[in-house]
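Structure assessment
Below, each chain spelled out in residue letters.
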Amino acid sequence: LLGAATIPLIYWVGRLAYGSRKVALLAALALAVAFLHVRNSHYCRQDVPALCFGVLASALCLRVLLRGALTDYVAAGVAIALGVSTKWNMLFLIPALALAHVLGSRARPRPWTFMLVGFLVIPVTVVVVDPVIALRAGEAFRTLGQFAAGTSGGRFGTGSLEVSGGWGTYLT
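Before going into details, it helps to say that this report is about the structure given with it. These figures come from a predicted structure and were not determined experimentally.

**Quick notes on a nonpolar patch on the surface**
- Together, Leu26, Leu29 and Val33 make up a nonpolar patch on the protein surface, roughly 320 Å² of accessible area in all.
- Here Leu26 is to be found in helix α2 (residues 21-32).
- A residue is classified by how much of its surface remains accessible, and Leu26, at 58% relative accessible area, is exposed.

Here it is as structure tokens:
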């Protein structure tokens, strides 16, 4: 279901980013027929919910950029936290929220407290939706360190090297 839900989210990002219905439809169509997305959705791979929450967070960061209401910051923080709870590499969305705030503030000044609230929502939501992270904080931070060093498969508690062929295996 999350794989299918990502398609209208991609459409929403296209509309927000480009203001064009054609661009949004083309992006949604491209995802709908993308081999890896369809296959990973079929096999319920972890990448699919991560993508769904990542696209949702991206759309909400665009809302922060364009509109900048406090509710946009909170919603973006929650979406980022859901993505991080699904897969560690969604941490890259945190700087996107800061960048959206900075660029949006250039056009229309916004209180820095909005950004602070958006950032504070992230760890709170992560702990609420994935309490194991709080209960096993030492292992979580160790795994995060391994992930940052490139020695983890990106899953909490694995700590092992990624031995699959990586993205190159999809080319064969």
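**Regarding the side chain of Thr125**
- For Thr125, the position within the fold is in helix α7 (residues 112-129).
- With relative accessibility at 13%, the residue Thr125 sits in the buried group.
- Once residues lying within four places of it in the same chain are set aside, the contact partners of Thr125 are Val78 and Ala81.

**Details of the nonpolar core**
- In this structure, Cys61, Val64, Ala76, Ile80, Val84 and Leu97 are the most contacted members of the largest nonpolar core, which totals 21 residues.
- When residues of this core are traced back to their parent elements, those giving at least two are α4 (47-66), α5 (70-86), α6 (93-107) and α7.
- With 6 residues, the top contributor of residues to this core is α5.
- Of all hydrophobic cores here, the second largest spans 8 residues; its members include Ile10, Leu31, Cys52 and Leu62.

Thresholds applied
Residues numbered from 1 in each chain as written. Predicted model: local features only at pLDDT ≥ 70, side-chain atom pairs only at ≥ 80, totals over all residues. Heavy atoms only, no water. Patch = residues over 30% accessible without salt bridge, like charges linked within 9 Å, V, L, I, M, F, W, Y side chains within 5 Å. Areas by Shrake-Rupley, 256 points an atom, 1.4 Å probe, with all protein chains shown as cover. Salt bridge = Lys/Arg side-chain N within 4 Å of Asp/Glu carboxyl O. Helix = DSSP H or I, 4+ residues; strand = E, 2+ residues; numbered from the N terminus. Buried < 20%, exposed > 50% of the residue type's maximum accessible area, 1.4 Å probe, protein only. Contact = heavy atoms within 4.5 Å. Core = buried A, V, L, I, M, F, W, Y, C linked by side-chain atoms within 4.5 Å.

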